[in-house]
Amino acid sequence: MVILSHPKQCYQKTHHTYMYIYIFLASNITFYHHKVPLIDSSMSEVVSGVASTLLANLATKSFQEITLACGLKDDVKKFESSLRTINAYLIDAENKQAINRSIDEWLKQLREAFDDAGDILDEIEYEAKLNEVVKMYGSTSTEVRRFFSYTSNPLAFRIRMAHKIKDMKQKMDEKIREGRKLGIVEHVNTPAMEHNLPWRETASSLSFRVCGRREEKEKIINSLMTQKSQANGIDVISVVGIGGLGKTTLAQMVYNDTQVNEHFDTLMWVCVSDDFDVKKLIQRIIHAASKRENVVDANSSLEYMISLLNQTLHGKKFLLVLDDVWNENHNKWDELRNHLLEVGGDKGSKILVTTRSRKVADIVGSNLVMKLEGLPENECWRLFAKCAFQEEKDEEKYPRLKQIGEQIVKRCKGVPLAITTLGCLLRSKCHDENEWRKIRDSEVWNLDQEETDILPSLKLSYNHLPPQLKQCFSYCSCFPKDYEYVAIELIMLWMAHGLLQPTREEEDAEDIGELYIKKLVSTSLLQIDEEDSFYFPKIRNSMAFKNLKMHDLVHDLAKLTMKESSRTRTVVQEGQQEASIEWTSDKFNYLRVLHLTKDTELSSFPDDCFARMKKHLRYLYLGNCASLKKLTDSICKLQSLQSLRLYCDSLEELPKNMNKLIYLQYLLLADIKITSLSSMNIGRFQQLKFLYLFKCSRLVYVPSAVGRLTTLKKLVFLFCNKLVYFEDEEEEGKQHVLVNNLNLQLFSITGSNNLDALPKWLERATKLQYLSISMSGIKSLPTRLPMTSLEELDIYWCKELSSLPNMDQTHNLQYLQISYCPKLYVRYNKETGSDWPKIAHIPYCKILAPLILPFDYLGRS
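Residues numbered from 1 in each chain as written. Predicted model: local features only at pLDDT ≥ 70, side-chain atom pairs only at ≥ 80, totals over all residues. Heavy atoms only, no water.

**So, the overall build of the chain**
When you go through the chain residue by residue, the secondary structure sums to 28 helices and 25 strands. Per-residue burial over the chain gives 57% buried out of 861 residues. Considering only contacts within the chain whose residues lie at least 6 apart along the sequence, 67% involve residues at least 24 apart. Accessible surface computed for the chain: about 36,200 Å², of which carbon and sulfur atoms make up 47%. (Helix = DSSP H or I, 4+ residues; strand = E, 2+ residues; numbered from the N terminus. Buried < 20%, exposed > 50% of the residue type's maximum accessible area, 1.4 Å probe, protein only. Contact = heavy atoms within 4.5 Å. Areas by Shrake-Rupley, 256 points an atom, 1.4 Å probe, with all protein chains shown as cover.)

Here it is as structure tokens:
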């Protein structure tokens, strides 16, 4: 079960079966059951995904080592054999489920049995991890000395768990017998995930995907260039149409047009969706106008925000795009419009609105209402061909595919989203005529549906995803519509639910997550946002820090396919009040993801609030907790925790036993008032892969222990403006300590003006691929900095940096950008630089001349 705090998205008009979604309302803790109709989503798909995840977990080297150490290897092997057998029945169950309702009930019971199995495996893993912690630190707590725990009594623990595993196997064997009686036949082969996917970063080029709408674009631009309202008014243009028709794309075409950019002084883009809160919109407009986040705090008064908006827009001719507006409250619109009039924008300022509702267009007082219709047939085919074929002329090489494709396009009813999604799906089928026919002849098209309903075409793309990826896609619905995902955030969430298990020893869960995201992007179920993230470094060839968006109709599909277990596994809450969270509730016992953000008014936690979550919680995010000054020590009991994100600007200290979280892989700290990482014994986190520090304003130095974290792959420092130095082994008196080469692949540091040198231990980062240094006082790079694996090097506003080492070793370097670094410019510029020949071989090489740093960047650092 998923608990959400954004209940506005629960009700969707479709047909067929119903599903219950459980909602945490912000005002209280009461659970409401909302009956949500949905397109039939096969229970066998869900069960198959859960079975695949269980099998992948059992196959991992770490879990096999645990079962061997606990004396449970043979018991688990027998259970695994039964699980593989029952998994082979699920393909036939999917085919027969619709005609035999008894199979549907069988699948539901099987899902519950799988959930029980997963919890037992979690318990085995937890006890093993706890045992490792006790070996390292010791413990006298009564909890650790439980009679049946692995730590205090391994024999009793083995006997107890062996009985549980045996019971699980018997349940599986009974379900196999029941399945045979229902006529389900075993299938040997199951679909596998392709590891070589056709990949294109489609969102970086708007023109590739856009076909048609030229007349509509020109009509809107002509209206923007003329004044129709009174001298003190603001013209409003509304684009109206059903979901998926391309309203947002049309607005983007207008917004990015050169003529429009030259005509207006300031352009602002605000995605509104169904949250038409005037104060929040003013805040977003300010951020859009200033082109950066965190200009004004959400807790600031509306009066202050208006004054700031006045400073930003007064006397300027602006264009404001309000995308995806649902508000039909006349008073709210009048309030927003009056505030915009107050700021004194120049005559000729305009507002462009996109909406599905004609009533919204009337309420905003549109001077022009453009009702979008479906694309013309020829444009539909052009769009489909661009998505479905690798090369422009492929459609002529495959006339039979073209004939089938034209029939598919007709079924998409001129809706670009449907055409794009199916086109991208067929692109991955490598001109397989049978696969194209399957899409054309699918039963999904025959579902009872509205004239404008495009969910069947989206459902086809979902149906062709592998089982594990279907679960990953569905979990995207845990977040509200228009949520701006960061790829690494989705990867951490999927990891928490065990959906990214490597099948080979050399594979990494994060790499699998990036592969899944690429697959979802290639089928247009996710879209890459072109905007760079303020919170993460820009890395061209890495997916981890890409901003991602999901079309709201695709989000509907994700929600409709979301069938979690009866136990609460995920809690995503926004705007909760402290009194409304029942930390001691049994609902939290099996929690794997706890995501609390958006101005949470928590000042403290109950002392033992995390104790109930200790066996299963893998992902914890506490964000925007402005009043929280101290974390409870019970957080240190979360031995299964993989990802910890803290964004709490009043938090002054972390629990002293944080080092007991020895299985932590992702640690992200933002606005924390800690002075050093030594206090949390950072060197103890021997499985840490990603360490991220953002605006840790009191952090002075980084201990040398960070340079001994051999599992660390990404290290990011953003705007830690008091950071002065990185401690080395020699300074710590540990030069005798034997240290290995690092696995570090990415190192990024921004906004540390007092820092004059990078850590010397970077010389052991032999796998370093991405290096980014911005707004720093660094004078030189490490002499023996490994350059052989480096693919991207980005240096921005480092006034004192005068040379680059080992440039003759940069065999893999694809991107080099040096911006506003006067000493480097003298040596490396193409026209007069004496060292230009050393870098001339790099495919993308850009050296920008020095200039005065903009004030806003100085303010950040």
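**With respect to the environment of Lys614**
Take Lys614: it is sitting in the loop between β13 (593–597) and β14 (619–623). Overall, the relative accessible area of 14% leaves Lys614 in the buried class. In sequence terms Lys614 and Ile635 are 21 residues apart; their C-alpha atoms lie 8.3 Å from each other.

**Considering unusual backbone geometry**
Backbone geometry places Phe719, a non-glycine residue, at a positive phi of 55 degrees. Note that Phe719 resides in the loop between β19 (714–718) and β20 (725–726). When its relative accessible area of 6% is taken as the criterion, Phe719 is described as buried. Notably, Met775 is not glycine yet its phi reads approximately 45 degrees, a positive angle. Assignment of secondary structure puts Met775 in strand β22 (residues 770–776). In this structure Met775 comes out as buried when scored by relative accessible area, which is 3%.

**Describing the sheet that holds strand β10 (residues 527–528)**
Pairing is antiparallel in the open sheet, where 3 strands are placed in the order β9-β11-β10. Edge positions in the sheet fall to β9 (485–486) and β10, since each of these pairs with one other strand and no more. Across 2 bridges, the pairing between β10 and strand β11 (residues 547–549) is antiparallel. Each bridged residue has a counterpart across the sheet, and for Ile528 the counterpart in β11 is Leu548. (Pairing = 2+ DSSP bridges.)

**Looking at the packing of helix α15 (residues 377–388) against helix α18 (residues 416–427)**
The N-to-C vectors of α15 and α18 enclose an angle of 30 degrees; their axes lie 7 Å apart at closest approach. Relative to α18, α15 is oriented roughly parallel. Remark: the crossing between α15 and α18 carries right-handed chirality. Taking contact as the criterion, the partners of Cys380, Leu383, Phe384, Lys386, Cys387 and Ala388 in α15 are, on α18, Pro416, Ile419, Thr420, Leu422, Gly423, Cys424, Leu426 and Arg427. Residue composition of the contact of α15 with α18, grouped by class: 10 nonpolar, 2 polar and 2 charged. (Axes fitted to C-alpha atoms, helices over the stretch in contact; angles between N-to-C directions. Parallel < 35°, antiparallel > 145°, perpendicular 65-115°, else oblique. Left-handed = near helix turned anticlockwise from the far one by under 90°. Nonpolar A, V, L, I, M, F, W, Y, C, P; charged D, E, K, R; others polar.)

**What to know about helix α24 (residues 552–560)**
Of all 9 residues in α24, 9 are buried; the element is thus mostly enclosed. Buried within α24 we find Asp552, Leu553, Val554, His555, Asp556, Leu557, Ala558, Lys559 and Leu560.

**Examining the environment of His431**
Tracing the backbone through its elements, the reader meets His431 in the loop between α18 and α19 (433–440). Between the C-alpha atoms of His431 and Gln390, which are 41 residues apart in sequence, the distance is 9.6 Å. Discounting residues that sit within four places of it in the chain, His431 has contacts with Phe389, Asp394, Tyr398, Leu401 and Trp436. Only 3.2 Å separates the side chain of His431 from the side chain of Tyr398, close enough to count as a polar contact. (Polar contact = N/O pair within 3.5 Å; in protein donor to acceptor, adjacent residues only side chain to side chain.)

**Details of the sheet that holds strand β7 (residues 350–355)**
Ordered in space as β5-β6-β7-β4-β8, the 5 strands form an open sheet in which the pairing is parallel. Where the open sheet ends on each side, the last strands, each with one partner, are β5 (266–273) and β8 (368–371). Adjacent strand axes in the sheet meet at a mean angle of 15 degrees, parallel and antiparallel pairs treated alike. As judged from the 7 bridges shared by β5 and strand β6 (residues 318–325), these two strands associate in the parallel manner. Residue Thr266 lies in a different strand from β6, and its bridge partner there is Phe318.

**A look at the side chain of Asp257**
Relative to the helices and strands, Asp257 is located in the loop between α9 (247–255) and α10 (258–263). Classification of Asp257 as buried rests on a relative accessible area of 15%. Within the local environment of Asp257, its side chain forms a polar contact with the side chain of Lys217, the two groups lying 3.2 Å apart. At 2.9 Å, the side chain of Asp257 and the backbone nitrogen of Gln259 are in polar contact. Apart from the residues within four sequence positions on either side, Asp257 is in contact with Lys217 and Ile221.

**Concerning the confidence of the model for the chain**
For the chain, the mean per-residue pLDDT works out to 81, and 83% of the residues sit at or above 70. In the predicted structure, residues 853–861 sits below a pLDDT of 50 and forms 14 contacts with residues beyond four places in sequence or in another chain. (pLDDT = per-residue confidence, 0-100.)

**Notes on a nonpolar patch on the surface**
A surface patch of nonpolar side chains, about 220 Å² in accessible area, is lined by Val700, Val724 and Tyr725. The topology assignment puts Tyr725 in strand β20. Tyr725 sits in the partly exposed class, given a relative accessible area of 35%. (Patch = residues over 30% accessible without salt bridge, like charges linked within 9 Å, V, L, I, M, F, W, Y side chains within 5 Å. Salt bridge = Lys/Arg side-chain N within 4 Å of Asp/Glu carboxyl O.)

**Here we look at the state of the cysteines**
For the structure shown, the criterion picks out 0 disulfides. Cys720 provides the cysteine sulfur closest to Cys696, a residue in no disulfide bond, and the two sulfurs are 4.7 Å apart. (Disulfide = S-S within 2.5 Å.)

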